[in-house]
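Coordinate inspection notes
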Amino acid sequence: LLILEFKMLGRLVGDPIFEVVAERAMDKLWELRDSKTGLIGNVYNTKSRSWDDPMSGIGAGIDSYFEYLLKSFILFGNEKDLSRFSDYYDNIVKYMRRFSVSDSNVSNFDNPFYFANVNMNTGQLQNHWIDSLSAAFVGVQILHGDLKAAIMHHALFYGLWLKYDALPERYNWYLKKCEYALYPLSLNSQSYVLAVSGNSAPI
């Protein structure tokens, strides 16, 4: 979802078509929310017109949806975007927020909490991991004014960083272990560095 980029592009070049198409996509996704939970899934199949992956969360594959709703309001002042964000944020808190990772090795802070991945149709737990991109939600919480919650949420990621000397791509909060130690794209980049420089030293 490139609503911010397309809105800005349309206004810079004086052609509203970019904004119109981007707004249409956002409107369609809003219509595709589950009627019970108000959540959307992770992968929508435009051919079958159904959700291939009903997992709803705050991380990879879905994070830009609600983030861009809020930032679109901040940038362009569209009250509809703010209203939709506020509704969606309430649903995230209602269905995804879980308190305490209960792992003394993860955080020195009291009661860090996380947002679990859930089924968009039921709000029930879908899996036991959180990913590194979900750390960006802390910034969204701050922009929304939910400062106390943002600080408590950030404590989890800060604790993970201290534990692993980096933010794991995925952390299994049930097994209390890192599932992917490195973001795969960093390995891809490393191969390019090796190809052009001959230097295999880690970056």
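From a predicted model like this one, the values you see are computed outputs, not experimental measurements.

**Overview of the overall build of the chain**
Assigned secondary structure in the chain consists of seven helices and nine strands. When burial is assessed residue by residue, the chain has 40% of its 203 residues classed as buried. If you take every contact in the chain between residues at least 6 apart in sequence, the share linking residues at least 24 apart comes to 56%. For the chain, the computed accessible surface area is about 11300 Å², with 56% contributed by carbon and sulfur atoms.

**Quick look at a nonpolar patch on the surface**
A cluster of nonpolar side chains, namely Leu2, Phe6, Met8, Leu9, Leu12, Val13 and Leu75, defines an oily patch on the protein surface of about 630 Å² accessible area. Broken down by element, the nonpolar patch gets its largest block of residues, five residues, from helix 1 (residues 3-13). Among the secondary structure elements, Leu12 is positioned in helix 1. With relative accessibility at 68%, the residue Leu12 sits in the exposed group.

**Focus on the confidence of the model for the chain**
Taken over all residues, the pLDDT of the chain has a mean of 85, while the share at 70 or more is 82%. Scored below 50 in pLDDT, residues 101-111 makes 23 contacts in the model with residues more than four places away or belonging to other chains.

**Digging into the side chain of Asp34**
Relative to the elements of secondary structure, Asp34 occurs in the loop between helix 2 (17-31) and strand 1 (43-45). Of the side chains with opposite charge, Lys36 comes closest to the buried, unpaired Asp34, at an N-O distance of 6.8 Å. At 3.0 Å, the side chain of Asp34 forms a polar contact with the backbone nitrogen of Thr37.

**Describing the environment of Trp161**
Inspection of the secondary structure puts Trp161 in helix 6 (residues 147-164). Not counting residues up to four positions away in its chain, the partners in contact with Trp161 are Ala166 and Leu167.

Criteria and cut-off values
- Residues numbered from 1 in each chain as written.
- Predicted model: local features only at pLDDT ≥ 70, side-chain atom pairs only at ≥ 80, totals over all residues.
- Heavy atoms only, no water.
- Helix = DSSP H or I, 4+ residues; strand = E, 2+ residues; numbered from the N terminus.
- Buried < 20%, exposed > 50% of the residue type's maximum accessible area, 1.4 Å probe, protein only.
- Contact = heavy atoms within 4.5 Å.
- Areas by Shrake-Rupley, 256 points an atom, 1.4 Å probe, with all protein chains shown as cover.
- Patch = residues over 30% accessible without salt bridge, like charges linked within 9 Å, V, L, I, M, F, W, Y side chains within 5 Å.
- Salt bridge = Lys/Arg side-chain N within 4 Å of Asp/Glu carboxyl O.
- pLDDT = per-residue confidence, 0-100.
- Lys, Arg positive; Asp, Glu negative; His and termini not counted.
- Polar contact = N/O pair within 3.5 Å; in protein donor to acceptor, adjacent residues only side chain to side chain.

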